[in-house]
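Below, each chain spelled out in residue letters.
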Amino acid sequence: MKNDQLIYQGHFVPYTHDELVGKLRAALSDHRFQHCLRVEQTAMDLAEQNGVDVEKAAIGGLVHDYAKQRPDDDFIQAIKDYQLDPELLNYGNAIWHGVVGWLFVKNELQITDIDILNAVRYHTVGHQYMTPLEQIVYMADYIEPGRDFPGVDEARKMTKNNLQDGVAYQTKQTLGYLVAHNKPVFPQTIMTYNSWVPSSGID
Ligand SMILES: [Fe+2]
Ligand SMILES: [Fe+2]
């Protein structure tokens, strides 16, 4: 199914598809908004292939980067207001827009479905336990057709073949990249790696 033909029927969000798309458009640059539409479509395709609720996958894909362009102060305030782990303050937008940003999705887009919220929450850092829906949003963000990086074709092929292999591949690549570039590694990323990569069958 094409994302522009989507009619929400599951009551996961109190808006029509057009209204929710409008909220994303208003919150993001055109560049990032277009990325969100491609992630929406990719998530729908992966959901169809894997027997997952297509509407939930579409919503998770569309809203996953909703908080990406919020000022740092919004995240810092939320970390304090919600008494989240103060360790989070040592990181930045790349981590916050998912692991904190899901709260903005919940409060401002009125999405209460925990599967969708967790898919947003873990879309960058992953989690040791990820439902198929969470795996789909994690992978759709990584392989949407606008992505262009060494290994993306391999990632697309593996994900199409086996969603969990795709998760292992992305997790391994991400940790390898962070280490190779002397970047800090958010502890959750290491937990995700330990859970998904050593037990996988990937090279
Ligand atoms: Fe993101
Ligand atoms: Fe994204």
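Please refer to the structure placed before this passage.
Because the structure is a prediction, the values reported are computed rather than measured.

Quick word on the overall build of the chain
Secondary structure assignment for the chain yields eleven helices and zero strands. Each helix (α) and strand (β) of the chain, taken in turn from the N terminus, gives the series α-α-α-α-α-α-α-α-α-α-α. For a compact globule of 203 residues, the expected C-alpha radius of gyration is about 17 Å, and the chain comes in at 16 Å, within 12% of that figure. Dimensions along the principal axes, computed over C-alpha positions, put the chain at roughly 45 × 40 × 30 Å. Taking all 203 residues of the chain together, the buried fraction comes to 50%. Expressed as a percentage of contacts within the chain between residues at least 6 apart in sequence, the contacts between residues at least 24 apart total 65%. Entry remark: accessible area of the chain is about 10,000 Å², with carbon and sulfur atoms responsible for 49%.

Here's the deal with the coordination of the iron ion (ligand 2)
The iron ion (ligand 2) binds to the protein through H35 (NE2), H64 (NE2), D65 (OD) and D141 (OD), with metal-donor distances spanning 2.2 to 2.3 Å. Given four donor atoms and angles of 82 to 176° at the metal, the environment of the iron ion (ligand 2) is assigned as irregular. Each donor residue of the iron ion (ligand 2) lies on the same chain, and together they follow the pattern H-x28-H-D-x75-D. Between the iron ion (ligand 2) and the iron ion (ligand 1) the interatomic distance comes to 3.4 Å, and D65 is a ligand of both metals. Here the residue H35 occupies a position in helix α2 (residues 30-50), and D65 occupies one in the loop between α3 (54-63) and α4 (72-81), the gap between them amounting to 30 residues. On the accessibility criterion, H35 (6% relative accessible area) is buried.

Re the nonpolar core
L20, L24, I59, V63, V100 and I111 are the most contacted members of the largest nonpolar core, which totals 62 residues. Apart from the residues lying within four places of it in its own chain, the contact partners of V63 are L20, L24, V105, L109, I111 and V120.

Some points on the side chain of Q188
One can find Q188 in helix α11 (residues 187-196). Take Q188: its relative accessible area is 14%, and that puts it in the buried class. In contact with Q188, not counting residues within four places along its chain, are V125, G126, H127 and Q128.

Examining the packing of aromatic side chains
Counting across every chain of the model gives four aromatic pairs. Through pairs of rings, three or more aromatic residues link up here, namely F75, W96 and F104. Sitting above the plane of the F104 ring, R70 keeps its charged end 4.2 Å from the centroid.

Focus: the pattern of salt bridges
Working definition: two side chains of opposite charge can pair if their charged atoms are close together. With the rule as written, the count across this model stands at nine salt bridges. Between R38 and E144 there is a salt bridge; the shortest N-O distance is 2.6 Å. Residue R38 is found in helix α2, and its partner E144 is found in the loop between α8 (132-143) and α9 (152-161); the two are separated by 106 residues along the sequence. For E144, a relative accessible area of 2% puts it in the buried group.

Notes on the coordination of the iron ion (ligand 1)
Here the iron ion (ligand 1) is held by D65 (OD), H97 (NE2) and H123 (NE2), and the distances to it run 2.1 Å. Mapped onto the sequence, the residues coordinating the iron ion (ligand 1) show the spacing D-x31-H-x25-H. Of the residues examined, H123 reaches a relative accessible area of 1% and is grouped as buried.

A closer look at α2
Between the first and last C-alpha of α2 there are 30 Å, a value that for 21 residues agrees with the 30 Å anticipated at 1.5 Å per step. Considered for burial, the residues of α2 that qualify are F33, H35, C36, V39, E40, Q41, T42, A43, M44, L46 and A47. On its buried face, α2 is in contact with α1 (17-27), α3, α8 and α9. Two residues or fewer past α2, G51 is found with a positive phi of approximately 65°.

Quick notes on the rules
Residues numbered from 1 in each chain as written. Chains lettered and ligands numbered in written order. Predicted model: local features only at pLDDT ≥ 70, side-chain atom pairs only at ≥ 80, totals over all residues. Heavy atoms only, no water. Helix = DSSP H or I, 4+ residues; strand = E, 2+ residues; numbered from the N terminus. Rg over C-alpha atoms; globule rule 2.2 N^0.38 Å. Buried < 20%, exposed > 50% of the residue type's maximum accessible area, 1.4 Å probe, protein only. Contact = heavy atoms within 4.5 Å. Areas by Shrake-Rupley, 256 points an atom, 1.4 Å probe, with all protein chains shown as cover. Donors = N, O, S within 2.8 Å, 3.2 Å for Na, K, Ca; no water. Tetrahedral: all angles 85-135°; square planar, octahedral: opposite > 155°, others 65-115°. Core = buried A, V, L, I, M, F, W, Y, C linked by side-chain atoms within 4.5 Å. Phe/Tyr/Trp six-rings, centres within 6.5 Å; stacked < 30°, edge-to-face > 60°. Lys NZ or Arg CZ within 6 Å of the ring centre and 35° of its normal. Salt bridge = Lys/Arg side-chain N within 4 Å of Asp/Glu carboxyl O. Expected span 1.5 Å × (residues − 1).

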